[in-house]
Structure formats: C-alpha cells, structure tokens
Amino acid sequence: MKQVVQSYRTGVLKVADVPAPRLSAGTLLVATRASLISSGTEKQLIDLARSSLAGKAMARPDLVRRVIRNVKRDGLKPTLEKVFAKLDTPIPLGYSIAGDVIEVGRNVTGFAVGDRVACAGAALANHAEFNSVPKNLAVKIPFGVDEEDASFVTLGAIALQGVRLAEPTLGDRMLVMGLGLIGLLTVQLLKANGCQVIGFDPNPERVALALKLGADAAVSSGLAEAVSGFTGGYGADAVIITASSKSNEPINQAAEASRLKGRIVVVGLVGMTIDREPFYRRELELKLSLSYGPGRHDPEYEIAGHDYPLAHVRWTEQRNMEAFLDLVAAGRVTPKALITHRFAIADAEQAYNVMERSEPHLAMVLTYAPERAGEIVREFFPAAGKRVARSSGETSVAFIGLGNYAKGVLLPALAKCQGVRLATVVTSTGISAGHSAEKFKFATAATEPAAALSDPDIDTVFIATRHDTHAALVADALNAGKHVFCEKPLAVDDAGLAAAVDAARTSPGQLTVGFNRRFAPLLVAAKKALEPRSSPLVMVYRINAGAIPMDSWIQREEGGGRIVGEVCHFVDALTYLCGSLPTEVSAVAAGGMADAVSILIKFADGSTGSIVYSSLGDAALAKEYIEAFAAGRVVQLIDFCQLTVTREGKQTTTKTAQDKGQAALVAAFMSAVRNGGEAPIPLIELTKVTETTFAVEEALRSGAVVSLS
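Quick notes on the rules
Residues numbered from 1 in each chain as written. Predicted model: local features only at pLDDT ≥ 70, side-chain atom pairs only at ≥ 80, totals over all residues. Heavy atoms only, no water. Helix = DSSP H or I, 4+ residues; strand = E, 2+ residues; numbered from the N terminus. Rg over C-alpha atoms; globule rule 2.2 N^0.38 Å. Buried < 20%, exposed > 50% of the residue type's maximum accessible area, 1.4 Å probe, protein only. Areas by Shrake-Rupley, 256 points an atom, 1.4 Å probe, with all protein chains shown as cover. Lys, Arg positive; Asp, Glu negative; His and termini not counted. Charge placed at Lys NZ, Arg CZ, Asp CG, Glu CD. Pairing = 2+ DSSP bridges. Right-handed = clockwise from strand over helix to strand, strands pointing away. Phe/Tyr/Trp six-rings, centres within 6.5 Å; stacked < 30°, edge-to-face > 60°. Core = buried A, V, L, I, M, F, W, Y, C linked by side-chain atoms within 4.5 Å. Contact = heavy atoms within 4.5 Å. 1 Å grid on protein atoms, 1.4 Å probe; cavity = no way out; pocket = protein on both sides within 12 Å on 5 of 7 lines; lining within 4 Å. Points joined across faces, edges and corners; volume = space filled by probe spheres on them. Nonpolar A, V, L, I, M, F, W, Y, C, P; charged D, E, K, R; others polar. Axes fitted to C-alpha atoms, helices over the stretch in contact; angles between N-to-C directions.

### Here we look at the overall build of the protein
Within the protein, the regular secondary structure consists of 23 helices and 32 strands. The C-alpha radius of gyration of the protein comes to 29 Å, within 12% of the 27 Å expected for a compact globule of 709 residues. Along the longest, intermediate and shortest principal axes, the C-alpha atoms of the protein span 95 × 60 × 45 Å. Each of the 709 residues in the protein was classed as buried or not, and the buried ones make up 54%. Per element, the accessible surface of the protein, about 29,500 Å² overall, is 55% carbon and sulfur. Treating the 73 positive side-chain charges of the protein as one cloud and the 74 negative ones as another, the clouds have centres 4 Å apart.

### Details of unusual backbone geometry
Omega for the bond connecting Lys 488 with Pro 489 falls within 30 degrees of zero, at -5°, which places this linkage in the cis form. With respect to the helices and strands, Pro 489 occurs in the loop between β22 (483–486) and α19 (494–506). With an omega dihedral of -5°, the bond running from Glu 531 to Pro 532 counts as a cis peptide bond. Tracing the chain through its elements places Pro 532 in the loop between α20 (521–529) and β24 (538–544). The phi dihedral of His 297 is positive, around 65°, even though this residue is not glycine.

### Some details on the pairing of strand β9 (residues 173–177)
Most of β9 sits out of view: four of its five residues are buried. Across five bridges, the pairing between β9 and strand β10 (residues 196–200) is parallel. Note on β10: the bridge partner recorded for Met 174 is Val 197. The β-α-β motif built from β9, the intervening helix α7 (residues 181–192) and the parallel element β10 has right-handed crossover chirality.

### As for the packing of aromatic side chains
Two aromatic rings, taken as a pair, are described by how far apart their centres are and by the angle between their planes. Inspection of the entire model under this criterion finds eight aromatic pairs. Ring centres of Phe 462 and Phe 485 lie 4.8 Å apart, and the angle between their planes is 20°; on these two criteria the pair is classed as stacked. Within this pair, whereas Phe 462 is found in strand β21 (residues 460–463), its partner Phe 485 is found in strand β22, the two being separated by 23 residues in sequence. Ring centres of Phe 462 and Phe 669 lie 5.7 Å apart, and the angle between their planes is 90°; on these two criteria the pair is classed as edge-to-face.

### Points about the nonpolar core
For soluble globular proteins, nonpolar side chains are generally found buried alongside one another. Within the largest apolar cluster, 100 residues are counted, with the highest numbers of intra-cluster contacts made by Phe 399, Phe 462 and Ile 611. For this core, the leading source of residues is helix α21 (residues 561–578), giving 11 residues. Those residues in contact with Phe 462 that lie beyond four places of it in its chain are Val 397, Ala 398, Phe 399, Ile 400, Leu 410, Leu 414, Phe 485, Val 666, Phe 669 and Met 670.

### Some thoughts on the layout of surface pockets
Looking at the second largest pocket, its volume works out to about 390 Å³. In terms of lining, the second largest pocket is formed by 18 residues, of which the most central are Val 5, Lys 14, Pro 90, His 435 and Glu 438. Per-element tally for the lining of the second largest pocket: the top contributor is helix α16 (residues 430–440), with five residues. Here the lining of the second largest pocket is composed, by residue class, of eight nonpolar, four polar and six charged.

### Section: the sheet that holds strand β26 (residues 596–603)
On the basis of which strands lie adjacent, the open sheet formed by nine strands has the order β31-β30-β29-β28-β24-β27-β26-β25-β32 and mixed pairing. In this open sheet, the two edge strands, each paired with only one partner strand, are β31 (650–655) and β32 (706–707). As defined by bridge partners, strand β29 (residues 633–638) adjoins strand β30 (residues 642–647) across six bridges and the pair is classed as antiparallel. Residue pairing across strands places Gln 636 opposite Thr 644, the latter belonging to β30. This element, α20, spans β28 (624–630), β29, β30 and β31 of the sheet and lies at about 5° to β30. Of the strands in this sheet, β25 (582–589), β26 and β32 are in contact with helix α23 (residues 683–702), which crosses β25 at around 40°.

### Things to note about the sheet that holds β21
Spatially, seven strands are ordered β17-β20-β19-β18-β21-β22-β23 in an open sheet, and the strand pairing comes out mixed. A strand with exactly one partner marks an edge of an open sheet, and here the two such strands are β17 (379–380) and β23 (511–513). Examined bridge by bridge, β22 and β23 share three bridges and lie parallel to one another. If you follow Val 484 over to β23, its bridge partner there is Leu 511. Along the sheet, helix α15 (residues 404–415) makes contact with β18 (395–400), β19 (420–426), β21 and β22, crossing β18 at roughly 175°.

Right, dumping it as structure tokens:
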C-alpha cells in the first residue's frame, strides 16, 4: 500500500510502498477514502524532523534530560545506540481519515464490515491506503455526510472540546483568536450553540471566510476596539485561542479582551508567559484543552478500548467525534467549504510542497482509489520484488518484532555470526516493516507472523514483540519446526508458559530466551571464582531500576509488569551463578509499590538469593550490583564492568567495558542451531525462572512463602 512517511533524522518526506497493517484485537481495518492534511500540526512536525540535532534538542528539552539520565545509568554507547535507533524510525503523517471498514478485530462490537467510518489518532489514522484503528478512535459516518466532510473529524473534535471547556451559554458573546482550520470550525460550532461570535486573524482572507461561514464580526486588526464595540464595552464572555504562535501576545491579548470573570481556553500552541495584572484584575479563568477530549493520551481508553461510563464522562473524544459529525449532517458545520486543494495519495508530496512554498491554502485533502480496497497485501519484497530462496548452507532468519532493542542489540550480535541470511521482518505496521527491511536488508517485509512461520525456507525465528504475545508466538514457531530465540520474558502467565514449554518438548527446533546475563564475561568469571565449592552460596542482587510511568506499556497487561518483564533476568543470573533451581520464594513490596520489592529465593542446593529491585533510587548510582558469598570467597560485580574477587585476604579486581552477554548468547544460540548442539539454556531452567517470577507476584499478593514444585 502507499503511505506518507518522513525520516525523523533527515526530514526527507515521501510516499512509500509498504505492507498493509496487521489487524489486531480491538481494532478495525479501514480502507481510506479521504484523509485531511492538518497544515498547522503537520508543518510543525515536518519542520522539527528537518531541523538539526541541536534544533531537535532545543525543541524537546525533556527528552534531552532523559538521555542524560540514561547515559549516567547505562553508559554512553548503549544510550546513543537507542537515540539513533529512535531517530532512524520513520514518522507516519496524518491523524484524521474517513473510509470503509474491511475487517473487524476481536473484542470489537458496534461495527461491521462495510460501515463507513471516520477515524482519529496520530500514528493510527495515517495518510495511508489502509489503517488499523482502535475502536474508541472510530465513529460511524451519518447518512448524508460524505468522506471529505467526515475526514475533518479529528479537527472537529479538537474544536468541539475547546468549545465545551469555554462553557458557552445561549447568547454569550465569544471571541475566537486564530481563524485557521480549527478556528473556523470553532466559529461554526459556537454559532450552532446560539452564541454571538467575533473572530480575529491577521490574515484578511481568513477574516472574510469567517464572516462567510457565519461569524457575526471578524477583524484583522484593532482587536481591542472591535471586541469592546461588539460586547458593549464589557469584554468577551469567553475567548478561545486557536492560533499557533511562539509569542505570548495571543494569551495576553485574550486577557485584555475578556470581561470580568471571563473564561479563556487555549486550544492552539501559543506562548504561555502571562501578564499577571489583567488576569488578576478580572479574576479570569484559564484552561488548556486536551486535544480531542477525555480519553486522549490514556492508553486504557485509546488502545485497550475501555470506554468511560457516559453518566460519569458525558463527552469523551469518541463522543465528541460523533457530535461533530451529527452537526455536519445537520448542515450546521460545513467543513468542505474549507478545502482549497485535493491530491491523490500517490501525489501527496505535491501537497507538502504547497506548504513548503507557503502558497495560499487552507484544508488539503488526500483522496484514495476505491478499487484499491480489495488489494490488501501484507507481504512486500523491497529489493527483488519477489520472494528469493536462500543459498545453500545459509541459516535463514526471521524477526517478528523489531523494536529498538532488536535493532540496537540483537541484529548487531547476529551480524557477527557467519552464514546468516536475513529473510523476513514482521512488524504490526507496514511503515515499520518496510523501513526495517530496507535499512537492514531483509528480503521480505510483512505485517503477519504467518509470513515467517509458514515459509519453509526460514528455519530460525527471533521474537521481539510485546511481552504478552511471546508465549503464543513461541508455541506457533516451535510447532512449525522453527528454532526460536525469544526475548524475555518467555510468558506472562501459566497458560502461556505451559503452551510454550509443551511445544519446546515436542519440536525439533531449539528454544532460547534472552536471559543474557549468564553469558556476561564477568559473571562467567565470577561463577568460576566460586568453584569448586561444597557449600551453598549466599547471593545478593541489587537493581537500581529507575521509575517507569504507570501508563507505560510495560506496566500494562501487554507488558506483564516489571517483575515478570525484567526481574526474570536477575532470577536467571542467580540460578546460573549457584547452578541450582529455585524451590521457594517470599517477597515484600515497599509501601505496596510493585516495582520496589525485596525478594528472597531458596535454591535446591541450599543457596539463597536476595533480590532488591527498586524504582526509588538515583540514576547516578550503578544499575546492577551482585555479591555472592561462598566458603572463604566473595565476588562483587558492578554493572558488568568491574569484578572483585576476595579470597584468603587478597582482592583481585578486573575492569572491562560493560558487557551484559547479549552477543555471546546470540552466538551460542546460532551455534546450536547450525551444529545441532545443546540449547544454550536448558529448558528446565527457562521454565523454572519464569515460574519463579509468577511465584514472586503470588508472594507479593498473599504475603506467604510460595513453593515451586
């Protein structure tokens, strides 16, 4: 399919051919008929992508601070690898479309194939021939509303949310500052609400259009005098700022134009340094509008599909979208009057050239050929244009999932292995699959796992998707006879673990999980320093994990939480160090915090392991620290770059560059695949380590000691 994409590093914008996106649970697959280019929002994104690294840093100081924290915690090299991997990720443009439903995912009700829908969402409702859109970001298009009008649904919802926050009443005299797309829609929405409306914009043509669309007055200069005359000297009941400017002038002009106890709502991106005096003297109320409305930026609402009860949240973003289209159907709002340009999706670059040349324009709509709706292609061959068989002696590898870790760690480790052919990369979106195939020279880009699992030429699959998908993909790949490298964790629940383990026991393929720390050179040296021994070990593993926002995917159901998703690493490292399986677990959380825990594990040989995992620390401290005590010996390992061995009163310290064992694990796995040797990590250890993380969660819930069978 065709999709508009831009490189965040270089700023180059193009219409790319990529696979159609995968249909997921809770989503609709929509064949796009029209998509709206939002000049203001998209121009800002394009300009940011085209700016230098310094310009990007100045625009996002919050991200710069995060990078500095990561450098202190993880080191310069791994942090820079993550940063440049992020910069290399292409940006999908667009966030407001209309089209037809052609597939309906699981857990979706209220929609059927053939429904006409309007959809919203950055990186979801893209300028693309097909889009997979979560159900709460789609609404049915009313009878009598065509796709071009409906493609304004996102901007309409943004304008409507600003109007709702202004709390207009019948007859209120309202000022709209900034008569771009959202401002002009706001004018019509306020008129539909029974208000008297004056508009302001420095562009006389926008002023004229506002008057044509129903504004009672509109000016391009002399704002204070115009508002005073329009309101009988009292000032506006409410001001809605829909302008876009770095200047603080709009918000301070709004204060001067307001009446006593008036209301100001900021919808556009403007400077926010206010002059206190007019706000104080008039006791003004200032609000910032959150985009489309309640639910915006809440992954539980937008992605997971959990709606807010109407009785408690009357106007969600989805209900705002519906209300806007109802007003369009009633003829109270006329979006099509704002369209100045139309381009076919194949010619989309011309639309952005109009923006670049600052040619007069307002709304630009991209159109899509209806006959393309039946051409859903989820496999694409960027180099040869067709499937290419592997050469003799090659190990043919597929990746299902290719996030920053897979790009920055797994692929470079795999590149060091001989005789490897990158056959297929599978990601959920076509833009990611297409870019990854082109950048890393995969022969095939796809959005369905079946493209890799059903290909007889592929014998090895790396799984690097979201955590809740691991177990099912592992089982499917093993049952298809593939060798499988699964990023941790192996599973997030007992049922998934059982399915994966059962498949591993019967499959001819090897199974390895990304428990890389046991392959770290200094941990291998630490184990050697503790042997031979006849007594158990006392082990302490402290992790300065740092905080992760509660709305991060890792904290949600798809991530399985930090115990299952990350603590598995540390359980495995201790299991390796003592060479024995966990048998018993107890755990306690600090103040009920699930990511600030103390864990005690008993092992079959009598060894004990204490894991202190904390999100409460300071990033300046080393992230990981291990101490292990044996009879007459102590090892201390700091962040996998410094090992101290104390024996008979003498200390020996070894310092190296940080190496957590990722490359060695990949090499061991590929050697086992090619030579038919034993799996790098025994299946029983993969199983017990995963079961131990489940037991930790049970111990935290119950407060009891949990035994492992």
